[in-house]
Amino acid sequence: MVTKAKNALGNNKYFDPKMGLAGGTFMATIVFFINFDHGIVPGLIAASKQGLYTFLAGGAMMRICENLASYFSSDAIALLLAVLVPGIIAVSLTYLVHSLKGTPEPFNSTIPTMILGPMGFFWWGLRKRKQLKTIRD
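Note that the coordinates shown come from a computational prediction; the quantities given were computed from them, not determined experimentally.

Caption draft 1: Examining the overall build of the protein chain more closely. The secondary structure content of the protein chain amounts to four helices and zero strands. Shown N-terminal to C-terminal, the secondary structure of the protein chain runs as helices and strands in the order α-α-α-α. The C-alpha extent of the protein chain, read off along each of the three principal axes, is 55 × 40 × 20 Å. Sorting the 137 residues of the protein chain into buried and exposed places 37% on the buried side. Expressed as a percentage of contacts within the protein chain between residues at least 6 apart in sequence, the contacts between residues at least 24 apart total 70%. Roughly 7,900 Å² of accessible area belongs to the protein chain as shown, and the carbon and sulfur atoms make up 72% of that amount. Taken as two groups, the 13 positive and 6 negative side-chain charges of the protein chain have centres that lie 9 Å from each other.

Caption draft 2: Looking closely at the environment of Leu9. Structurally, the position occupied by Leu9 is in the segment before helix H1 (17–35). Those residues in contact with Leu9 that lie beyond four places of it in its chain are Glu66, Ser70, Lys128, Gln131, Leu132 and Ile135.

Caption draft 3: Fine view of the packing of helix H2 (residues 40–71) against helix H4 (residues 106–136). Where H2 meets H4, the closest approach of the two axes is 8 Å, and the angle between their N-to-C directions is 40°. Viewed along their axes, H2 and H4 form a crossing whose handedness is right-handed. On H4, the residues that touch Gln50, Met61, Met62, Cys65, Glu66, Ala69 and Ser70 of H2 are Ser109, Thr113, Gly120, Phe121, Trp124, Gly125, Lys128, Arg129, Leu132 and Arg136. Within the contact of H2 with H4, the residues separate by chemical class into seven nonpolar, six polar and four charged.

Caption draft 4: Spotlight on H1. Look at H1: 26 Å from first C-alpha to last across 19 residues, which is about the 27 Å you get at 1.5 Å a residue. Of all the residues in H1, the buried ones are Gly20, Gly23, Gly24, Met27, Ala28, Val31, Phe32 and Asn35. Seen from one end, H1 has its buried residues packed into an arc of 160°, which puts them on one side. Facing away from the buried side of H1 by more than 90 degrees, the exposed set consists of Lys18 and Phe33. For H1, the secondary structure elements touched by its buried residues are H2, helix H3 (75–99) and H4. Two to three positions downstream of the cap, the backbone nitrogen of Lys18 sits 3.3 Å from a side-chain oxygen, assigning the N-cap of H1 to Asp16.

Cut-offs applied
Residues numbered from 1 in each chain as written. Predicted model: local features only at pLDDT ≥ 70, side-chain atom pairs only at ≥ 80, totals over all residues. Heavy atoms only, no water. Helix = DSSP H or I, 4+ residues; strand = E, 2+ residues; numbered from the N terminus. Buried < 20%, exposed > 50% of the residue type's maximum accessible area, 1.4 Å probe, protein only. Contact = heavy atoms within 4.5 Å. Areas by Shrake-Rupley, 256 points an atom, 1.4 Å probe, with all protein chains shown as cover. Lys, Arg positive; Asp, Glu negative; His and termini not counted. Charge placed at Lys NZ, Arg CZ, Asp CG, Glu CD. Axes fitted to C-alpha atoms, helices over the stretch in contact; angles between N-to-C directions. Left-handed = near helix turned anticlockwise from the far one by under 90°. Nonpolar A, V, L, I, M, F, W, Y, C, P; charged D, E, K, R; others polar. Expected span 1.5 Å × (residues − 1). Arc of directions from axis to C-beta. Polar contact = N/O pair within 3.5 Å; in protein donor to acceptor, adjacent residues only side chain to side chain.

In structure tokens form, the structure reads like this:
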């Protein structure tokens, strides 16, 4: 019998499909409007890349954030790493995806991730630290 890998909060260790879907839908909408002035097709191409990328990478990044937030005993270290590690990965990968052919404004399409990513990771990390403390108490 094969058991699924679970983290300290009892969730799948590698991927968060709900957060991936929510993030993918939200970010695709933003990127569509950033690129819309280049035409509907280029806007849809950029939005599609962002949506698929955010579903896959965002689901993994949120789980990395959760794993780091629940791994360390120090609140400060856990939150710092839960924001920095997935934040750097997310921004780098987003720029790389948009630098590939098809996105008219690759840097501008990365700005929402630069701003919203760290804020989202901080919120998620805090939430998961609180859940961990509730479980342990």
